[in-house]
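# Working through the structure, step by step
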Amino acid sequence: MELPNEKSASRIMVAQLLAKRRTQYSLGKNIALPDEEIDALIREAVRLSPSAFNSQSSRVVILHREENQKLWDIVKSELSHIVEGEAKKHSFRKIDSFAAGAGAVLFFEDRNVIRILQDQWPLYADHFPDWSEQASGMAQLSVWIALAGIGIGASLQHYNPLVDAKIKRHWNIPETWRLRAQMPFGSNEAPFPAKTVISDNDRFRSFFR
Ligand SMILES: Cc1cc2nc3c(=O)[nH]c(=O)nc-3n(C[C@H](O)[C@H](O)[C@H](O)COP(=O)(O)O)c2cc1C
């Protein structure tokens, strides 16, 4: 049986892991682990994530090294149709910081899975699109925490739907996969800024008996 102080130690360990997950824009390629090991961890994090009815609607494409560079080249080429001047310079600087990393994870949700569930469970039909979004968020957080756990920095980006068509064409992605988020990752090349948190009074209500 666990002693009370062992329980606190576990709580502190979990909180420390969660605190390691921060938004990192300053990414590099200084990672000692092989790409294959990072790839395996990302896959495991997605496999271990929950989904409604265990539908496993999330689909994930992992881009390493030059493939990551290609992703951000695509984003730049699509963005250049809609931004110009200072805004373009600012966006491109940001995108270069993602390309400077070691890779990126593309999170999709398979519309086909949602459609099948809606046919099977008409009572819940309206909920399945929401649950798919929630499952995607859970997979994203699992991967982000897993990467943080091995000292790899990441952030969450949303260049969809602007870049969807080109990405699908380039990596031959099935038509039913809908891009939901992009997570560039790499070595942490800068410390994290302090983060403000809102008051617990505004956020929590706990009830104990
Ligand atoms: C649903 C969601 C969407 C987000 N979209 C973006 C985004 O498009 N670009 C970005 O730089 N960060 C994005 N973020 C990251 C947040 O800005 C960041 O998590 C927040 O400021 C807290 O900082 P932290 O990640 O360091 O804890 C997103 C986060 C969430 C949960």
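The coordinates are above.
About the cut-offs
- Residues numbered from 1 in each chain as written.
- Predicted model: local features only at pLDDT ≥ 70, side-chain atom pairs only at ≥ 80, totals over all residues.
- Heavy atoms only, no water.
- Near = heavy atom within 4 Å.
- Polar contact = N/O pair within 3.5 Å; in protein donor to acceptor, adjacent residues only side chain to side chain.
- Areas by Shrake-Rupley, 256 points an atom, 1.4 Å probe, with all protein chains shown as cover.
- Nonpolar A, V, L, I, M, F, W, Y, C, P; charged D, E, K, R; others polar.
- Core = buried A, V, L, I, M, F, W, Y, C linked by side-chain atoms within 4.5 Å.
- Buried < 20%, exposed > 50% of the residue type's maximum accessible area, 1.4 Å probe, protein only.
- Helix = DSSP H or I, 4+ residues; strand = E, 2+ residues; numbered from the N terminus.
- Contact = heavy atoms within 4.5 Å.
- Axes fitted to C-alpha atoms, helices over the stretch in contact; angles between N-to-C directions.
- Parallel < 35°, antiparallel > 145°, perpendicular 65-115°, else oblique.
- Left-handed = near helix turned anticlockwise from the far one by under 90°.
- Expected span 1.5 Å × (residues − 1).
- Salt bridge = Lys/Arg side-chain N within 4 Å of Asp/Glu carboxyl O.
- Pairing = 2+ DSSP bridges.
- Phe/Tyr/Trp six-rings, centres within 6.5 Å; stacked < 30°, edge-to-face > 60°.
- Lys NZ or Arg CZ within 6 Å of the ring centre and 35° of its normal.

### Examining the site of the ligand
Near the ligand you find R21, R22, T23, Y25, W144, L156, Q157, H158 and K195, and these make up its full shell. K195 places a side-chain nitrogen or oxygen 2.5 Å from an oxygen atom of the ligand. Isolated, the ligand exposes 620 Å² of accessible area, and the fraction of that covered by the protein chains is 54%. The class makeup of the residues in the shell around the ligand is three nonpolar, three polar and three charged.

### So, the nonpolar core
By size, the foremost hydrophobic cluster in this structure holds 22 residues, and its most contacted members are L71, W72, V75, L106, F108, Y159 and I167. Listed by contribution, the elements that provide at least two residues to this core are β2 (58-64), α3 (66-79), α4 (85-99), β3 (103-110), α7 (164-171) and β5 (177-188). Top contributing element to this core by residue count: α3, with five residues. Those residues in contact with Y159 that lie beyond four places of it in its chain are W72, V75, L79, K94, I95, F98 and Q182. Of all hydrophobic cores here, the second largest spans 19 residues; its members include I31, I38, A45 and A102.

### Focus: the packing of helix α5 (residues 111-120) against helix α6 (residues 128-149)
As a packed pair, α5 and α6 sit with axes 10 Å apart at the nearest point and diverge in direction by 140 degrees. With respect to their mutual orientation, α5 and α6 come out oblique. Of the two elements, α5 crosses α6, and the hand of that crossing is right-handed. Along its contact with α5, which presents I114, L117 and Q118, the element α6 presents F128, P129 and S132.

### Observations regarding α4
Its 15 residues give α4 an end-to-end C-alpha distance of 21 Å, which sits within 8% of 21 Å, the value for a rise of 1.5 Å per residue. What α4 keeps buried is the set S91, F92, I95, S97, F98 and A99. Those residues of α4 that are buried lie in contact with β1 (27-28), α3 and β5.

### Overview of the pattern of salt bridges
Throughout the structure, instances matching the rule amount to eleven salt bridges. One salt bridge connects R43 with D39, and the closest N-O pair in it is separated by 2.9 Å. Of the two residues, R43 and D39 both sit in helix α2 (residues 35-47), four residues apart, roughly one turn of that helix. Since its relative accessible area comes to 49%, R43 is described here as partly exposed. Among the residues examined, D39 registers a relative accessible area of 15% and is labelled buried.

### Overview of the pairing of β2
Sheet faces and side chains relate simply in a regular strand, where the side chains alternate between the two faces. Most of β2 is tucked away: five of the seven residues are buried. Summarising the sheet, β2 and β3 pair through seven bridges and their orientation is antiparallel. Bridge pairing in β3 places L63 opposite A104.

### Observations regarding the side chain of E109
Inspection of the secondary structure assignment puts E109 in strand β3. Engagement of the side chain of E109 in a polar contact is seen with the side chain of S58, the distance being 2.5 Å. Excluding residues within four positions of it along the chain, E109 makes contact with S57, S58, S132, A135, S136, T176, W177, R178 and R180.

### Here we look at the packing of aromatic side chains
A full pass over the atoms with the stated rule returns ten aromatic pairs. Grouped by ring-pair contacts, the aromatic residues F53, W121, Y124, F128 and W131 constitute a single cluster. Stacked on the ring of W144, the Lys or Arg R21 has its end atom at 4.3 Å from the ring centre.

### Examining the environment of P161
Counting through the fold element by element, P161 comes out in the loop between β4 (152-154) and α7. Given a relative accessible area of 67%, P161 falls into the exposed group. C-alpha of P161 to C-alpha of A181: the two residues are 20 residues apart in sequence and 9.6 Å apart in space.

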